[in-house]
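Structural description and commentary
What follows is the residue order along each chain.
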Amino acid sequence: MITNESINAAEVMALDKEYVMHTYGRLPVVFVRGEGCFVYDAAGKEYLDFVAGIAVNGLGHCPPKVVEAICKQAGTLIHTSNLYYTTLQPQLAKLLVELSGMGKAFFCNSGAEANEAAIKLARKAAKASGNPNKSNIVTAEQSFHGRTLAAITATGQPKYQKSFTPLVPGFGYIPYNDVEALKAAVNDDTCAVMMEPVQGESGVHPATLEFLTAARELCDKFDAALIFDEVQTGLGRTGKMFGFEHFGLKPDVMTLAKTLGGGFPIGACLAAGKYADTFEPGDHASTFGGTPLACAAGIATVSEIIEGRWAVNAAEVGEYFRAQLATLPGIKEVRGLGLMIAAEFTEPIAKDMAAKALENGLIVNPIGENILRFVPPLIVTKALVDRAMATLREC
Ligand SMILES: *Cc1c(COP(=O)(O)O)cnc(C)c1O
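Residues numbered from 1 in each chain as written. Predicted model: local features only at pLDDT ≥ 70, side-chain atom pairs only at ≥ 80, totals over all residues. Heavy atoms only, no water.

A tally of regular secondary structure across the protein chain gives 13 helices and 17 strands. In terms of overall dimensions, the protein chain is globule-like: its C-alpha atoms have a radius of gyration of 21 Å, near the 21 Å expected for 395 residues. For the C-alpha atoms alone, the extent of the protein chain along its principal axes is close to 65 × 55 × 45 Å. In the protein chain, the share of contacts with a sequence separation of at least 24, taken over all contacts with a separation of at least 6, comes to 69%. Summed over its atoms, the accessible surface of the protein chain is roughly 17800 Å², and 56% of this surface lies on carbon and sulfur atoms. Where the 34 positive side-chain charges of the protein chain centre and where its 42 negative ones centre are 1 Å apart. (Helix = DSSP H or I, 4+ residues; strand = E, 2+ residues; numbered from the N terminus. Rg over C-alpha atoms; globule rule 2.2 N^0.38 Å. Contact = heavy atoms within 4.5 Å. Areas by Shrake-Rupley, 256 points an atom, 1.4 Å probe, with all protein chains shown as cover. Lys, Arg positive; Asp, Glu negative; His and termini not counted. Charge placed at Lys NZ, Arg CZ, Asp CG, Glu CD.)

Space inside the second largest pocket adds up to approximately 920 Å³. Lining the second largest pocket are 26 residues; nearest its centre among them are Asn-82, Gln-89, Ala-105, Phe-106 and Phe-107. Looking at the lining of the second largest pocket, the elements that each hand over two or more residues are α4 (88-100), β4 (104-108) and β12 (267-271). Top contributing element to the lining of the second largest pocket by residue count: β4, with four residues. (1 Å grid on protein atoms, 1.4 Å probe; cavity = no way out; pocket = protein on both sides within 12 Å on 5 of 7 lines; lining within 4 Å. Points joined across faces, edges and corners; volume = space filled by probe spheres on them.)

Bringing the packing of helix α11 (residues 310-325) against helix α13 (residues 382-394) into the picture now. At their nearest, the axes of α11 and α13 sit 10 Å apart, and the two run at 20° to each other. As judged from the angle between their axes, α11 and α13 are roughly parallel. In this structure, α11 crosses over α13, and the sense of that crossing is right-handed. Contact residues: α11 offers Glu-316, Val-317, Tyr-320, Phe-321, Gln-324 and Leu-325, while α13 offers Lys-382, Val-385, Asp-386, Met-389, Leu-392 and Arg-393. Broken down by class, the residue content of the contact of α11 with α13 amounts to seven nonpolar, one polar and four charged. (Axes fitted to C-alpha atoms, helices over the stretch in contact; angles between N-to-C directions. Parallel < 35°, antiparallel > 145°, perpendicular 65-115°, else oblique. Left-handed = near helix turned anticlockwise from the far one by under 90°. Nonpolar A, V, L, I, M, F, W, Y, C, P; charged D, E, K, R; others polar.)

With that settled, the discussion passes to the packing of helix α3 (residues 64-74) against helix α10 (residues 292-307). The geometry of α3 relative to α10 is characterised by a closest axis approach of 9 Å and an angle of 155° between their N-to-C directions. Classified by the interaxial angle, the pair formed by α3 and α10 is roughly antiparallel. In this structure, the crossing between α3 and α10 has a hand that is right-handed. Counting all contacts with α3, which are made through Lys-65, Val-66, Ala-69, Ile-70, Gln-73 and Ala-74, the residues of α10 involved are Pro-292, Leu-293, Ala-296, Ala-297, Ala-300, Thr-301, Glu-304 and Glu-307.

For the rest of this paragraph, the subject is the sheet that holds β12. Read across the sheet, seven strands follow the order β4-β12-β11-β10-β7-β5-β6 without closing on themselves; strand pairing throughout is mixed. The sheet terminates laterally at β4 and β6 (171-174), the two strands that pair on one side only. Between one strand axis and the next, the sheet turns by 20° as a mean value, whatever way the strands run. By the bridge criterion, five bridges tie β4 to β12 in an arrangement that is antiparallel. In the strand pairing of β12, Lys-104 is matched with Ala-271. Of the strands in this sheet, β6, β7 (190-195) and β10 (225-229) touch helix α9 (residues 209-221), which is tilted by about 145° from β10. (Pairing = 2+ DSSP bridges.)

In total, this model carries 15 salt bridges according to the counting rule given. Where Glu-333 meets Arg-335, a salt bridge forms, and the shortest distance between an N and an O atom there is 2.8 Å. The class of Glu-333 is partly exposed, set by a relative accessible area of 37%. The buried category is assigned to Arg-335, whose relative accessible area is 8%. (Salt bridge = Lys/Arg side-chain N within 4 Å of Asp/Glu carboxyl O. Buried < 20%, exposed > 50% of the residue type's maximum accessible area, 1.4 Å probe, protein only.)

Let's shift gears to the site of the ligand. Around the ligand sit Ser-110, Gly-111, Ala-112, Asn-115, Phe-144, His-145, Gly-146, Glu-196, Asp-229, Val-231, Gln-232 and Lys-258, and those are all the residues in its vicinity. One nitrogen or oxygen atom from the side chain of Lys-258 is found 2.6 Å from an oxygen atom belonging to the ligand. Considering the ligand on its own, with 390 Å² of exposed area, one finds that the protein chains cover 80% of that surface. Sorting elements by how many residues they give to the shell around the ligand places helix α5 (residues 111-127) first, with three residues. (Near = heavy atom within 4 Å. Polar contact = N/O pair within 3.5 Å; in protein donor to acceptor, adjacent residues only side chain to side chain.)

Relative to the assigned elements, Arg-216 resides in helix α9. Apart from residues lying up to four places away in sequence, Arg-216 is in contact with Leu-226, Leu-249, Lys-250, Pro-251 and Asp-252.

Next up on the list: the environment of Ala-128. Here Ala-128 is to be found in the loop between α5 and β5 (136-140). In the structure, Ala-128 is positioned 188 residues away from Glu-316 in sequence and 45 Å away in space, judged by C-alpha atoms.

If you want it as structure tokens, here you go:
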């Protein structure tokens with residue numbers, strides 16, 4: 001057995017290769033411990049983590065309040081079925097509803113599941129229209145909505161879809177930020193328009209105000225649900241509590257996951273207006289959705305994001321970081337909102353730079369050949385940005 005005291009990295013990697021399905025092209029590092037903005041490998045080497053579990057560790061690694069809430073709840077009640085009431089699920093729902101101005105919440109365990117719930121919700125709501133063809137969902141090219149079959153169908157990237165056809169019927173794609181294409185795609189048969197306020201996975205592309213405004217107007221005109229996938233943008237990441245707040249409009253349905261549990265798996269689908277009461281008993285469910293343990297982690301995380309004003313920190317440090325990145329040699333463009341940032345280079349150096357950075361104790365995420373993505377913890381400081389910049393310059 002491998003214990004923390006006797007970790008042999010090569011042994012771990014060999015074990016993983018033999019027994020874990022090869023769904024990930026893992027980097028050759030074994031992490032064993034984390035604290036704040038840092039993680040440590042099997043040899044005790046320190047890494048400044050600017051990936052943060054892909055925008056999951058919003059409060060950094062092992063945030064004390066979340067650890068305390070999880071430990072306390074783990075000794076009280078971990079799970080019981082959604083056939084019964086538990087105390088924390090409605091409390092987390094109230095917290096999220098009041099924070100977002102939505103109406104009601106459904107809890108699940110991941111971003112993809114939250115989007116599945118949103119898709120089913122929009123399809124069911126459209127049944128009341130009397131138009132039997134009102135089932136189409138418009139999403140964007142280069143989007144990312146997760147890996148279940150409906151979520152890869154919603155994801156407008158053929159590379160995620162091609163091995164798994166036939167896909168779910170009823171989805172159509174338009175170029176992101178193309179208002180004319182959106183107008184041409186939405187009609188009486190549309191039940192939902194589903195968009196990320198900032199596209200994350202494909203390289204951090206913020207929506208334009210014109211595009212989301214048009215989406216809001218078209219959804220109102222054709223009685224379709226405007227769904228925002230805020231799995232990555234939600235809960236402070238963009239420098240505001242939710243991505244939609246940058247655009248002066250609100251979605252009908254919104255999905256959350258990533259940061260929501262401070263590292264503990266939990267997802268949520270929030271819905272407003274008539275969509276809040278679309279689901280009835282039997283329509284949708286999740287065995288693990290919103291367990292006492294997950295909700296304890298969620299309440300502790302969201303409360304700390306609010307009390308620590310970490311969205312404001314994300315806005316301030318994010319702006320500073322973007323200005324610094326723009327001074328790197330070979331930069332073509334720096335994009336992003338808050339602490340959801342991409343640096344695009346003129347040369348295909350992203351993979352090399354990320355590998356060298358890892359060697360030098362900095363974790364960053366390459367996207368394609370030319371882009372580095374940064375989604376550090378919301379608690380990151382300017383001093384740590386300076387440290388990351390020094391490492392990036394060396395690379
Ligand atoms: C990560 C992500 C998802 C998928 O979340 P999972 O928890 O991996 O299922 C969905 N949408 C967006 C925008 C994401 O960034």
